[in-house]
Amino acid sequence: MGKFHSSVSRRDFMKGLGLAGAGLGVAASASPVFHDMDEVMSSGASRKLPWYINEREAENLTVEVDWDKKERYDKRKFTVVSPAEAERRVQIQLDNIKAKWTTPNTGMTAKDYAFFAGSASDAIGASVPLTKGDATLMYTFGGTTQPGGYNYKQLGLPRWSGTPEENLKMVTAVLRFWGAHDVGAHEINEKTQKVFYSADPAGRPYTFADVDNASSDSNHACLIPNKAKTVLTWVVPMSRVGQYSAPDGFNILNKVSMGIGYSMGDIIQNRILSFLGALGYLSISRNCGGMNVAHGNLAGLGEHGRTDYLINVDYGANVRYTDFVVTDLPIASTKPIDAGIWKFCQTCKKCAEMCPSGAIPIEGDPSYTIEHPESNGFGLKSYHVNYDNCHPYRGNPGSVVNGGCGICQNVCVFSKMEGGNIHEVIKATVGTTAVFNSFFRQMDDFFGYGEFKEADEFWDIMPNTHGTFLPWGRGNSIPGK
């Protein structure tokens, strides 16, 4: 497959746009962005170390080891204490917890323990529950006569209390730590209740009711407490490993990207449910039935696109979830955004042109008319995707091996060059004027963004964490690809 070479600098690129003197001098005069791709890839998948690190011979550590004297360790030598001593140590921990529970900057406040509860949640391989309750406090399960340990209520401690603004900052910090990207929130009211499902496939309704906690039974898919007024939502980003695919849409490598996205999504869900429960607030999972894209749009995590899902400012269409939970923790709402994305989508059409199934409309204007009522919702003036055409390519819901298509996500103009400065200038231009939209679409094609690569190329490149391809990282990733 052919390689693309360019030595275009930011200044030359901006001159080409006629914008070099339009207050963008700093960004335009920076060092070149586009470099020779062959040079970047020539090192293959070998480990790259900073210049000051030297490699040594095998088993020759910097700390001296006499391998003739080295013996395997017998774990029976570990110290074992009596039950009375274990109880004494637990009591010291409980006293420390009580003394510092409400004292800032101690690392032992209610939110610190909730952070631990979320981080230690047994999420891997576990299904996402409907809700989670109060967590046992750190280490109090060991050696204590209290079965299962203590939680903050049993110790007579107050639950977490913070302003909505403080709480937004708090949940943003932990969600990003666990792998989420943008974080936002919106209020549940008479209008936004309409983005929750009305019934599940078995016909059981999702009902808002004056109940203490969420529940599910044979008559209800979910009873959602009216006192839970907040939807907390976040972006689960997805790698671009799907670009190592085939233009016909049938390639399992995009399923790799989808699979790790769904897996990471479940892990993050479990962690935030544990976190909110440990704070003493309702933590109700996505199982209570809302449209995740709508929640993300309402909270300003992106804009609705021609693809019929959210387009994020940083990751573009490479978003596996705009995931969410419902809670009664007061969280400041974040507002919907206008970054020019929806306006751009109306003229771009690249996703629709590249879609092998023809599921994404190319012709016509956004409309309220629903052509596929079995898979499209009413009330949105949009391009309505034909999911009957789409599913055989990407895999039916719940499918493991069918399809694999993610072409629309990989070719989207907004899915490229995560963090690249020149692309930030383009995004800023798109967000303020539509004059250059057609030009940017043409440049996206010209520079080869969204090209599909041979599947085996993936194994010759060392991606960064979670398969992302961020520019100029220490991994042997392709800058801007």
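Residues numbered from 1 in each chain as written. Predicted model: local features only at pLDDT ≥ 70, side-chain atom pairs only at ≥ 80, totals over all residues. Heavy atoms only, no water.

Some points on the sheet that holds strand S7 (residues 319-327)
Cut-off, in case you're wondering: For two strands to pair, DSSP has to find at least two bridges joining them. For the purposes of this entry, the term helix denotes a DSSP run of H or I that reaches at least four residues, the term strand denotes a run of E that reaches at least two, and both are numbered from the N terminus. For every element, the axis is a line fit to its C-alpha atoms; helices are fit only across the contacting stretch, and the angle between N-to-C directions ranges from 0 to 180 degrees. Whether two residues are in contact is decided by their heavy atoms: any pair within 4.5 Å suffices.
The strand order across the open sheet built from 3 strands is S1-S4-S7, with neighbouring strands paired in antiparallel fashion. Each edge of the open sheet carries a strand with a single partner, namely strand S1 (183-187) and S7. The mean angle between the axes of side-by-side strands here comes to 25°, regardless of whether they run parallel or antiparallel. Note that S1 and strand S4 (residues 230-237) share 5 bridges and pair antiparallel. Each residue of the ladder has a partner; that of His186, found in S4, is Val231. Here helix H7 (residues 253-279) sits on the sheet in contact with S4 and S7, set at roughly 15° to S7.

Description of helix H11 (residues 387-394)
What counts is decided by this rule: Burial classes follow relative accessibility: with a 1.4 Å probe on protein chains only, a residue under 20% of its type's maximum area counts as buried, one over 50% as exposed, and anything between as partly exposed. This arc is taken over the directions from the axis of the helix to the C-beta atoms.
Those residues of H11 not exposed but buried are Tyr387, Cys390 and His391. Down the axis of H11, the buried set is contained in an arc of 100°. They therefore lie on one face.

Re the environment of Gln193
Position of Gln193 among the secondary structure elements: in the loop between S1 and strand S2 (206-209). Exposure remark for Gln193: the relative accessible area of 32% places this residue in the partly exposed category. In contact with Gln193, not counting residues within four places along its chain, are Ile188 and Phe208.

Quick notes on the state of the cysteines
Our working rule: The term disulfide is used for any two cysteine sulfur atoms that are within 2.5 Å.
One pass over the structure, following the stated rule, counts 1 disulfide. Sulfur-sulfur distance for the disulfide between Cys222 and Cys288 comes to 1.7 Å. Pair noted here: Cys222 is in strand S3 (residues 222-225) and Cys288 is in the loop between H7 and helix H8 (292-298), with a separation of 66 residues, a long-range link. Like Cys288, Cys222 is buried. The thiol of Cys408 is unpaired, and the distance to the nearest cysteine sulfur, on Cys405, comes to 6.4 Å. Cysteine Cys412 remains unbridged, with the sulfur of Cys345 as its closest cysteine sulfur at 6.2 Å. Residue Cys412 is classed as buried on the basis of its relative accessible area, which comes to 11%.

Some thoughts on the pattern of salt bridges
What counts, and what does not: For this document, the term salt bridge refers to a Lys or Arg side-chain nitrogen within 4 Å of an Asp or Glu carboxyl oxygen.
A complete count under the given rule lists 7 salt bridges for this structure. Residues Arg89 and Glu85 are paired through a salt bridge, measuring 2.8 Å at the closest nitrogen-oxygen approach. Remark: Glu85 and Arg89 occur in helix H4 (residues 83-100); sequence separation between them is 4 residues, near one turn of the helix. For Arg89, a relative accessible area of 41% translates into the label partly exposed.

Re the packing of helix H6 (residues 164-177) against H7
Stated formally: Two helices that cross are described as forming a left-handed crossing if the nearer one is turned anticlockwise from the farther one by less than a right angle, and a right-handed crossing if clockwise. Under this grouping Gly is polar, as are all residues other than the nonpolar Ala, Val, Leu, Ile, Met, Phe, Trp, Tyr, Cys and Pro and the charged Asp, Glu, Lys and Arg.
Put simply, H6 and H7 touch, their axes get as near as 10 Å, and they point 145° apart. Crossing angle aside, the handedness with which H6 passes H7 is right-handed. Across the interface between the two elements, Met170, Val171, Val174 and Leu175 of H6 pack against Ile268, Ile272, Phe275 and Leu279 of H7. In terms of residue class, the contact of H6 with H7 is made up of 8 nonpolar, no polar and no charged.

Overview of the environment of Asp134
What counts is decided by this rule: Whenever two N or O atoms come within 3.5 Å, that pair is a polar contact, provided that in protein one can donate a hydrogen and the other can accept it, and provided that, for residues adjacent in sequence, both atoms are side-chain atoms.
Structurally, Asp134 is set in the loop between helix H5 (110-119) and H6. Under the relative-accessibility criterion, Asp134 is labelled partly exposed at 30%. Separated by 148 residues in the primary sequence, Asp134 and Leu282 have C-alpha atoms spaced 9.5 Å apart. When residues no more than four places from it in sequence are discounted, the contact partners of Asp134 are Asn151, Tyr152, Lys153, Gly277 and Gly280. A polar contact of 3.2 Å, which involves the side chain of Asp134, links it to the side chain of Lys153.

What to know about unusual backbone geometry
One non-glycine residue, Glu59, lies in positive phi territory at about 65°. For Glu59, a relative accessible area of 57% translates into the label exposed. Positive phi, close to 75°, is recorded for Asp308, a residue that is not glycine. Along the chain, Asp308 turns up in the loop between strand S5 (303-304) and strand S6 (310-311).

Quick look at the confidence of the model for the protein
Our working rule: Per residue, pLDDT captures the predictor's confidence, and it can take any value from 0 to 100.
When pLDDT is averaged along the protein, the result is 79, and 76% of the positions lie at 70 or above. Contacts from residues 22-45, a stretch scored under 50 in pLDDT, to residues over four places away or in other chains number 52 contacts. Below pLDDT 50 for its whole length, residues 418-422 participates in 16 contacts with residues either more than four positions away or in separate chains.

Concerning a nonpolar patch on the surface
What counts, and what does not: Only residues whose relative accessible area exceeds 30% and that form no salt bridge are eligible for patches; like-charged ones are grouped when within 9 Å, while nonpolar side chains (Val, Leu, Ile, Met, Phe, Trp, Tyr) are grouped when within 5 Å. Residue exposure ignores everything except the shown protein chains as possible cover, and the areas themselves are Shrake-Rupley values with a 1.4 Å probe.
A cluster of nonpolar side chains, Leu49, Trp51, Tyr52 and Ile53, forms an exposed patch at the surface whose accessible area comes to about 500 Å². Structurally, Leu49 is set in the loop between helix H3 (37-41) and H4. Since its relative accessible area comes to 30%, Leu49 is described here as partly exposed.

Re H7
Because the α-helix completes a turn every 3.6 residues, residues three or four places apart line up on one side. What counts is decided by this rule: A helix is expected to reach a length of 1.5 Å times the quantity of its residues less one.
Under the 1.5 Å per step criterion, the end-to-end length of H7 is 40 Å for 27 residues, consistent within 8% with the ideal 39 Å. Following H7 by one or two positions, Gly280 adopts a phi angle in the positive range, close to 100°.

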